[in-house]
Amino acid sequence: LLTTSMVITAAVGLLVGARLSSRAGTRLDRTISSLSAVSYAFPTWWVGLLMILFFSFRLGILPSGGMYSAPPPEGGFLRFLDLLYHALLPVFTLVLAGIGPYVYVVRTIAINIAQSDHVTVARAKGLSDGLVSRRHILRVAAPPIVTGLIMGFAGTLGGSILVETVFNWQGMGRLYYEAIA
């Protein structure tokens, strides 16, 4: 769950954070920065409970928990699709809780680098904004972003105790919870 959500969070965070860094101070930037702070403040277990209430009980489109349906489907591919169906809600919960800080960090790093002298020189040469963004901002911003991403992937080995407990998902976090209990 955590690795999948981390990959989705990183992809969306890089796209949105890099886009916001070129539009610093605009209404969109201020709105998404505010939503990022709100996203960071919500506990994942609470977001998970709200997702269950809305998508499972209110709309009835996603299962409320477990890894498989009550009688699990026969066959490898159908069982895999059922696993993906049951993983949608926990992964979406983890993405919602983690996307805010990641977008904000990428945005802040890119804005700091965009104010450096080599970026000013690249713009003075007449290079396009896309080229300046890719070659002179994102390339320089990549090492700290990748370092944070790798540290996040190392943290996924432990699992998410609260989210796995809320969604009755049998992962490392749930194993830790049962061992403590």
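Keep in mind it's a predicted model, so treat the numbers as computed, not measured. (Residues numbered from 1 in each chain as written. Predicted model: local features only at pLDDT ≥ 70, side-chain atom pairs only at ≥ 80, totals over all residues. Heavy atoms only, no water.)

Undergrad: What should I look at first to understand the overall build of the protein chain in this one?
TA: Helix and strand counts for the protein chain come out as eight helices and zero strands. With the C-alpha coordinates of the protein chain rotated into their principal frame, the extents come out at 65 × 35 × 30 Å. Look at the contacts in the protein chain between residues 6 or more apart in sequence, and 66% of them connect residues 24 or more apart. Counting only carbon and sulfur atoms, one obtains 68% of the accessible surface of the protein chain, whose full area is about 10800 Å². Charge-centre separation for the protein chain: the mean point of 13 positive side chains lies 14 Å from the mean point of 7 negative side chains. (Helix = DSSP H or I, 4+ residues; strand = E, 2+ residues; numbered from the N terminus. Contact = heavy atoms within 4.5 Å. Areas by Shrake-Rupley, 256 points an atom, 1.4 Å probe, with all protein chains shown as cover. Lys, Arg positive; Asp, Glu negative; His and termini not counted. Charge placed at Lys NZ, Arg CZ, Asp CG, Glu CD.)

Undergrad: Looking at this structure, I do not really get the pattern of salt bridges. What am I missing?
TA: In a structure, side chains of opposite charge can pair up when their charged atoms sit close to one another. Using the criterion set out here, one finds one salt bridge in the structure. The residue Arg107 makes a salt bridge to Asp29 at a minimum N-O spacing of 2.5 Å. With a gap of 78 residues between them, Arg107 in helix H4 (residues 76–114) and Asp29 in helix H2 (residues 27–41) connect regions that are remote in the sequence. (Salt bridge = Lys/Arg side-chain N within 4 Å of Asp/Glu carboxyl O.)

Undergrad: Help me understand the layout of surface pockets, please; the structure alone is not making it clear to me.
TA: Unoccupied space between atoms shows up once a probe the size of one water molecule is rolled over them. By volume, the largest pocket amounts to about 330 Å³. If you go around the largest pocket, you meet 15 residues; those closest to its centre are Ala18, Arg19, Ser21, Ser22 and Ser133. Of all the secondary structure elements, the ones that give two or more residues to the lining of the largest pocket are helix H1 (2–21), H4 and helix H6 (129–155). In terms of residue count, the dominant contributor to the lining of the largest pocket is H1 (five residues). Considered class by class, the residues forming the lining of the largest pocket number seven nonpolar, four polar and four charged. Taken as a whole, the second largest pocket holds about 280 Å³ of empty space. Surrounding the second largest pocket, 14 residues form its lining, Leu2, Ser5, Met6, Leu94 and Gly98 being those nearest its centre. Taken together, the elements giving at least two residues each to the lining of the second largest pocket come down to H1, H4 and H6. (1 Å grid on protein atoms, 1.4 Å probe; cavity = no way out; pocket = protein on both sides within 12 Å on 5 of 7 lines; lining within 4 Å. Points joined across faces, edges and corners; volume = space filled by probe spheres on them. Nonpolar A, V, L, I, M, F, W, Y, C, P; charged D, E, K, R; others polar.)

Undergrad: Would you explain the nonpolar core in this entry?
TA: Considering soluble globular proteins, one finds that nonpolar side chains tend to be buried as a cluster. If you look at the biggest cluster of nonpolar residues, it comprises 15 residues, and the most contacted ones within it are Tyr102, Ile137 and Ile145. Residue assignment for this core shows that the elements contributing at least two residues are H1, H4, helix H5 (117–124) and H6. For this core, the leading source of residues is H4, giving six residues. With sequence-adjacent residues up to four places away left out, Ile137 is seen in contact with Ala110, Ile113, Ala114, Val119, Arg123 and Val132. Among the nonpolar cores identified, the runner-up in size contains ten residues, and Ile52, Leu62, Leu89 and Leu94 belong to it. (Core = buried A, V, L, I, M, F, W, Y, C linked by side-chain atoms within 4.5 Å. Buried < 20%, exposed > 50% of the residue type's maximum accessible area, 1.4 Å probe, protein only.)

Undergrad: Could you clarify how one ought to interpret the packing of aromatic side chains in this entry?
TA: One pass over the full model with this rule turns up three aromatic pairs. Here the aromatic rings of Phe42 and Trp46 are separated by 5.1 Å at their centres, their planes lie at 45°, and the arrangement is tilted. By relative accessible area, Phe42 is classed as partly exposed at 37%. Taking the relative accessible area as the measure of exposure, Trp46 reaches 34% and is therefore partly exposed. Geometrically, the ring pair formed by Phe54 and Phe55 is edge-to-face, given 5.0 Å between the ring centres and 85° between the ring planes. Above the ring of Tyr68, the side-chain terminus of Arg79 is found at 4.3 Å from the ring centroid. (Phe/Tyr/Trp six-rings, centres within 6.5 Å; stacked < 30°, edge-to-face > 60°. Lys NZ or Arg CZ within 6 Å of the ring centre and 35° of its normal.)

Undergrad: Would you take a moment to explain H6 for this structure?
TA: Three or four residues apart is the spacing at which side chains of an α-helix point the same way, because the helix has 3.6 residues per turn. Remark: the principal bend of H6, roughly 45°, maps to Leu138. For H6, the complete set of buried residues consists of Leu131, Val132, Ile137, Ala141, Ile145, Leu149 and Gly152. Among the structural elements, H1, H4 and H5 are those in contact with the buried residues of H6. (Bend = angle between axes of the 7 residues up to and from the residue.)

Undergrad: It is not clear to me how unusual backbone geometry should be interpreted in this structure. Could you clarify?
TA: What is expected of a backbone is that most residues other than glycine have negative phi and most peptide bonds are trans. Of note, the phi angle at Asn168 is positive, near 55°, even though the residue is not glycine. Inspection of the secondary structure puts Asn168 in the loop between helix H7 (161–166) and helix H8 (172–180). For Asn168, a relative accessible area of 39% corresponds to the partly exposed category.

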